[in-house]
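Here's the letter readout for the chains.
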Amino acid sequence: MAASRSRRRHRSRRRADMSLLGGIRPPIAALSALLLALAALTAFQLGHVGRETVPPAVLTSQQYFAEDGAIALRASLDESITDIGRTASLFSSGEPVSPDSVLDKLGSVYQKWRGTAVIEIKSGRLEAQRGENLPLTALDLTALDEEDGLAPRMVRLENGETRLLTLALLSWPDRPQQLLVASSSLKVPGISLGRSRAIAVLDSSGQILGSDGVGSSGPERQQLGKFAKTVAQKAARHPLQAKEPGSGGFAGVSGSLLGDSRNGHRSVAGYAKLTGSQPGVGTDATALGLTVVSFVGVAEKRSAAVDSFFWIAASAALLVLGALAVTLLVTTVQRPLLRLFLESRRIGRGDLNRPVTVPKYGEAARIGAALDRLRRQLLGEPGAEAGGPRGGRRSRIGTRALLAVSGILLLVWSAPLLLTLNRAGASVDVPRTIVDDQRERTDTLADRVRRALNEGHADLTSVASAISDRTTPAELTKLLERTRNQHGRYESLYVLSADGTVMARTGAKPHHPAGTAPSKQPVTLVDSGNRPVITEYAEAPGLPGASVVGELRIDFLNALLKRPGLGEVRVVDAGHRVIGGNNGYLAFAPLSDPALDALVNAANEKAGAAGKSGTDEKAEKGPRARSTLLRDGGVFVAAAAPMTGGGVAQPLEWTVVTRQPAKGLEIPAYTAQNRTVLAGLLGLTGAVACLGWIHIIIVRPLRDLARRAEDLADGDRRTVVYPTHHDEVGAVTRSLEVIRLQLLEQRKRDAAGVGTGGRTPGRATPAGRN
C-alpha cells in the first residue's frame, strides 16, 4: 500500500511538472522575452541611423555606375570582335579585293578602331594600314592556327598605353592568306562622367590599362592606385561568393569601396568585373579578365536623421506598456488558472472542508463557482445542485476581454510607429551625388541606345556592301540568315528592291508597305497597331535603288533599359510618346507625369537655361542631360537625357527619361522611417503571436471548460469531461472528470441506501475525518 501511494504521488508530481511545459506560462514568458529583446534592439541598434559620413545609397549608386561601365565595355568589345570577324567573312566570301579596299570599306562603315592593318601571314609583310601604327611585332604569325591563335589580345605601346588587338582571316582561293588586325583603346565607351568623376579599366592584376578623368599625377592618381590593389583582390572572387547587398541583377563581381578623406571630402568607388549577360556564360571580352572601377569625391556629412532620445524614449515606453500587459496577464489569467488547477486537484482528492477560492474575473470565476457547487454536492449539502449561482457578475468580464486589453496596451506602442512617427516628408534631403548619378546614368543609357541603333545600321551597311547585281536570292537569304543569327537585335531582315519588292528575307513578315520604295531615312519609327516598329535602311551600292532593311525587336530595345537603381525608365520620341521601357507601358502613350514632360523639354532646349525650365542644373546651352527632384505626390529623383552623340539615330530626337522614388534609397531619413516601421511591426507581430497563442491554447479550451463545469454542477452526469491539452486547463478538466465519477458513485450509493431502507453503507467522509 505504501509503495502504491508513493507511485501515485510520483505520477501526480510528474503531471504537475509536465503541465509547466505547456499551458499559460510559456506564451507569457515568450511575450516578456520578446518585449525585452525588442526594447534592447530599439535602444541600441535601430537608433544608429545617419551616423555614416557617406550614406549607403551613395555607395550603392557608385556600384551601379561601375556596372553600367562594365556592361558598356563588354558590349563594345564583343561587338567589335564580332564586326571584324563578320567583315572578314563577307570579304572572303566574295571576289578578291585589295588590302587597301578592305581597310577603306571597313573605315567607311565603322568608325570605332584607332588603327587597322592587313598583313600577309606567310611573309609577314604589311600590306596596308590605316590610323595609328600597330604593335605588329607583338603578333606571332606562326601560332595563328592554334586553338586560341585568333583570340583578342592586349598589348602595351611604348608610351605606356594599352591596346586591344582583334584578329580575323582574309582568305581567297589561289591567294596568300592575310590577317586583318584592328586596335582599340581600353576605355569605357559612352559613359557620362559629369564634372568630378573618374573611371578606369584594370586587368586581373590591378594594373591600370586605361582611364578617363584621372590626371597623370596627384591625389586622384594615388587614390586610383589604392583602389586598384583592393579591386584586384575582390574581383578574383567567385561571383556567387562576392554578391553584396545592392548588387541587383548584375551577374558578375561588383561592389563599392570607401577611399581616403581629404578636406571634408571622401572618395567613393564602385567596381564591376566584365561578365556575360547570362550568369556563367562568358564571351571573348569577359575572357580578358577586365574590371571597371569608377570613383567620385563626396562631401562628408554626419547627420543623424532622428535624435537618439527618440529611440531611448520608445524603448522605455515599450518596457512600461509591456510590463503593464504582462502584469495584467499574470494577475488576471495566469494566477487564477493556476489557483483553479490546485483547487480542482484538492477537490478531486476529497479535501472538501475548505470552500473553493473563486477568482474575480472571466471563465476562471465561472469554473471556480462551479467547483464550489460540486464540493457542496459531494458533501451532500441540500440545494447545492439547483440553487448555486453560475458566476453572476464575475463572469461578465471574460478572459478574451482581458487578452484584448493586453493587446491594446501593446498596440498603443506599435500603432504610432507603424503609421505616424518618423515619417520622411516631402522636404527630405536627398544627397546631391544621388541626383547627379541619376543624370549621368540616364545619359549613359541614352548613349547606349544610340550606339545600339548606330551599330545596327552599320551592320546593315556592311551586309549591303557585299551585295551586287550578281548575288542570287539564295545567296541573299543565306547572308541575311547569318547576319540575323550573329545579332539578336533583328526581328526581320530583308532586301528591298527599288520598286518595293522583297527580294529575300528572313525572320518575321516585313512591315514595310508593299510596292513602296525603300525609305531615304536611315532609321524610321512607325505605329503598327499600338506596337512600335523601328526599321533601319542601308543602301546597297552594288544594287542601284535597293536597300537592306532590318526591323529591330522592341524587346531588344527594352532589354537595354533594364538597369537597377534607375527606377522607371522610358524612351520617348520627339512628341513625348513612349516608345520603350524597362517595365509595363502603353506604346505611344504620353508620359505619366507633366513634370517629366517639362524635364524632357528642358533637356532638349537648343539654347535655353536650366533655371528657366525648373531643373536644378546650372545654366548651359544646348541639349544635354538634366536631373531634378520631383516633390509632388512623393519625392522622386528624375532625369532626362537626349540622344545627342550623332549617327543615324540622331534625327529621331529620342529622349531617355528615368524616375526613381526616393523612398527606395538608403538615406538617413528613409532608413529611420523604415526602422521605425520595422520596430512597430516587430512589436505588433510579437503581440499577435503570443496573445494568439494564449487564445488558442488557453482561452478557447477555458471557455469550453467553463461551460462543461457549469453543466456538471447543474446535474449533467452523463457527459464525459476529457482534456484537450496536457496543461493547466487539461489538469482542471481531468479533476472535473474525477469529480464526475465521484458524483456518479455517490448517486449509486444513495440509490442503494434507498433500496435497503435508508441505510447508506460506506458513505465517503471528507478528507481528514475518520
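Residues numbered from 1 in each chain as written. Predicted model: local features only at pLDDT ≥ 70, side-chain atom pairs only at ≥ 80, totals over all residues. Heavy atoms only, no water.

*Asks:* Kindly report on helix α5 (residues 219-235), identifying the contributing residues and their values.
*Replies:* Taking 1.5 Å per residue as the helical rise, α5 with its 17 residues ought to reach 24 Å, and the 24 Å between its terminal C-alpha atoms agrees with that figure. Buried within α5 we find Gln223, Leu224, Phe227, Ala228, Val231, Ala232 and Ala235. Each element contacted by the buried residues of α5 is listed here: β6 (197-202), β7 (208-212), β8 (254-262), β9 (265-273) and β10 (291-299). (Helix = DSSP H or I, 4+ residues; strand = E, 2+ residues; numbered from the N terminus. Expected span 1.5 Å × (residues − 1). Buried < 20%, exposed > 50% of the residue type's maximum accessible area, 1.4 Å probe, protein only. Contact = heavy atoms within 4.5 Å.)

*Asks:* Break down helix α10 (residues 432-465) for me, citing the residues and quoting the values.
*Replies:* An α-helix turns once per 3.6 residues; consequently, residues spaced three or four apart project the same way. Between its first and last C-alpha, α10 extends 49 Å over 34 residues, near the 50 Å set by a 1.5 Å rise per residue. Of all the 34 residues making up α10, 27 are buried; the element is thus mostly covered by neighbouring parts of the structure.

*Asks:* Tell me about the sheet that holds strand β4 (residues 162-170), and name the residues and values.
*Replies:* Strand order in this open sheet of 5 strands is β2-β1-β5-β4-β3, and the pairing throughout is antiparallel. Taken across any chain shown, the strands that pair with only one partner, and hence form the sheet edges, are β2 (126-131) and β3 (153-156). Each adjacent strand pair in this sheet contributes to an overall mean axis angle of 25 degrees, direction not counted. The sheet contact formed by β3 and β4 spans 4 bridges and is antiparallel. In the sheet register, methionine 154 faces β4, and the bridge partner there is leucine 164. (Pairing = 2+ DSSP bridges. Axes fitted to C-alpha atoms, helices over the stretch in contact; angles between N-to-C directions.)

*Asks:* Got a sec to walk through the pairing of strand β5 (residues 178-185)? Specific residues and values, please.
*Replies:* The element β5 is extensively covered by neighbouring structure, given that 7 of its 8 residues are classed as buried. Relative to β5, strand β1 (residues 115-120) runs antiparallel, the two sharing 6 bridges. By the bridge assignment, alanine 117 is partnered in β5 with valine 181. With 8 bridges joining them, β4 and β5 adopt antiparallel strand pairing. Bridge pairing in β5 places leucine 165 opposite serine 183.

*Asks:* So what's going on with the packing of helix α2 (residues 25-46) against helix α7 (residues 308-349)? Which residues, and what values?
*Replies:* Orientation of α2 relative to α7, taken along the N-to-C sense of each, is 175 degrees, at an axis distance of 9 Å. Relative to α7, the element α2 is oriented roughly antiparallel. Residues Arg25, Ile28, Leu31, Ser32, Leu35, Leu36, Leu38, Ala39, Ala40, Thr42, Ala43 and Leu46 of α2 pack against Trp311, Ala314, Ser315, Leu318, Leu319, Gly322, Val326, Leu329, Val330, Gln334 and Leu338 of α7. The class makeup of the residues in the contact of α2 with α7 is 17 nonpolar, 5 polar and 1 charged. (Parallel < 35°, antiparallel > 145°, perpendicular 65-115°, else oblique. Nonpolar A, V, L, I, M, F, W, Y, C, P; charged D, E, K, R; others polar.)

*Asks:* Mind laying out a negative patch on the surface, listing which residues take part and the relevant values?
*Replies:* Taken together, Asp140, Asp145, Glu146, Glu147 and Asp148 make up a surface patch of like negative charges. Note that aspartate 145 resides in the loop between β2 and β3. Aspartate 145 sits in the exposed class, given a relative accessible area of 70%. (Patch = residues over 30% accessible without salt bridge, like charges linked within 9 Å, V, L, I, M, F, W, Y side chains within 5 Å. Areas by Shrake-Rupley, 256 points an atom, 1.4 Å probe, with all protein chains shown as cover. Salt bridge = Lys/Arg side-chain N within 4 Å of Asp/Glu carboxyl O. Lys, Arg positive; Asp, Glu negative; His and termini not counted. Charge placed at Lys NZ, Arg CZ, Asp CG, Glu CD.)

By themselves these figures say nothing about function.
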